[in-house]
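Architecture and fold: a report
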Amino acid sequence: SEVTSWRAVSSVARNASADESQALWASLRAANSEEERQLLVRALAVDPNPARAKQLLEASVAGWLPPNIATDVPGILGNEPVHAQAAYDFAAAHWPSLAKLAGSGVFGARAWLLPSAADGFNARASAKRLREDQRRLAGPTGVMPAETVAAAIEVRAALREREAER
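Read on for a plain summary of the structure. (Residues numbered from 1 in each chain as written. Predicted model: local features only at pLDDT ≥ 70, side-chain atom pairs only at ≥ 80, totals over all residues. Heavy atoms only, no water.)

**With respect to the overall build of the protein**
Looking only at helices and strands, the protein features 11 helices and zero strands. Moving toward the C terminus, one meets the helices and strands of the protein in the order α-α-α-α-α-α-α-α-α-α-α. For the protein, whose C-alpha radius of gyration is 16 Å, the value lies close to the compact-globule estimate of 15 Å for 166 residues. Each of the 166 residues in the protein was classed as buried or not, and the buried ones make up 42%. Across the protein, contacts joining residues at least 24 apart in sequence account for 67% of those joining residues at least 6 apart. (Helix = DSSP H or I, 4+ residues; strand = E, 2+ residues; numbered from the N terminus. Rg over C-alpha atoms; globule rule 2.2 N^0.38 Å. Buried < 20%, exposed > 50% of the residue type's maximum accessible area, 1.4 Å probe, protein only. Contact = heavy atoms within 4.5 Å.)

Written out as structure tokens, the structure reads:
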């Protein structure tokens, strides 16, 4: 089943040796379906190794991943706390390339690039930075996605602050 596959692949990826990581990358390059690519990208994202996370981020703009998968990479990595800052910084720095891949279609994928990469944050300063960066990079069409995610970040920040007081 898909759940069993995800658990097995992510378990390997989370504790991957160099050889196992290379095998996962080879599988990603050879994948024939969107589902398989999504599974492998999500698995590679749980690897705590920062160099391997950087490799995955760089793959998002290298041109060999399909655009819908490539533009998901910073958001997928951004949901892993150990990679959240790197994913956000990459998405902001590579905004032009990622925005071009996302296009300006009706579903607004472009407007969600930074917010999805910021979704793992839990500090008020991160919410503020998201709003500022999104306004600068995405313009008026990006306000709603940034506000949605920034509000969630502020709720997590408030919870974290409240727990720290106990």
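**Considerations on the pattern of salt bridges**
Applying the stated criterion to the full structure yields 11 salt bridges. Residue lysine 128 is joined to glutamate 132 by a salt bridge in which the shortest nitrogen-to-oxygen separation is 2.8 Å. Here lysine 128 pairs with glutamate 132, and both are found in helix α10 (residues 124-138), just four residues apart, close to one helical turn. Arginine 162 is paired through a salt bridge with glutamate 163; the nearest N and O atoms lie 3.4 Å apart. For arginine 162, a relative accessible area of 42% corresponds to the partly exposed category. (Salt bridge = Lys/Arg side-chain N within 4 Å of Asp/Glu carboxyl O.)

**Some words on the packing of aromatic side chains**
Counted according to the given criterion, the structure contains two aromatic pairs. Across from the ring centre of tryptophan 64, 4.0 Å away, lies the NZ or CZ of arginine 29, which sits over that ring. (Phe/Tyr/Trp six-rings, centres within 6.5 Å; stacked < 30°, edge-to-face > 60°. Lys NZ or Arg CZ within 6 Å of the ring centre and 35° of its normal.)

**Describing the side chain of glutamate 80**
Mapped onto the elements of the fold, glutamate 80 is located in the loop between α6 (73-78) and α7 (84-93). Excluding residues within four positions of it along the chain, glutamate 80 makes contact with Arg14, Ala45 and Val46.

**Thoughts on helix α3 (residues 34-45)**
Its 12 residues give α3 an end-to-end C-alpha distance of 16 Å, which sits within 8% of 16 Å, the value for a rise of 1.5 Å per residue. Those residues of α3 not exposed but buried are Arg37, Gln38, Leu39, Leu40, Val41, Ala43, Leu44 and Ala45. (Expected span 1.5 Å × (residues − 1).)

**A closer look at the nonpolar core**
With 25 residues, the main nonpolar core has Leu28, Leu40, Val41, Leu56, Leu65, Val73 and Leu77 as its most contacted residues. Contributions of two or more residues to this core are made by α1 (2-14), α2 (18-30), α3, α4 (50-60), α5 (67-70), α6 and α7. For this core, the leading source of residues is α3, giving six residues. When sequence neighbours within four positions are dropped, the list of residues in contact with leucine 40 reads Val9, Leu24, Ser27, Leu28 and Ala31. In this structure, Ala91, Ala118, Ala127 and Leu137 belong to the second largest nonpolar core, which totals 21 residues. (Core = buried A, V, L, I, M, F, W, Y, C linked by side-chain atoms within 4.5 Å.)

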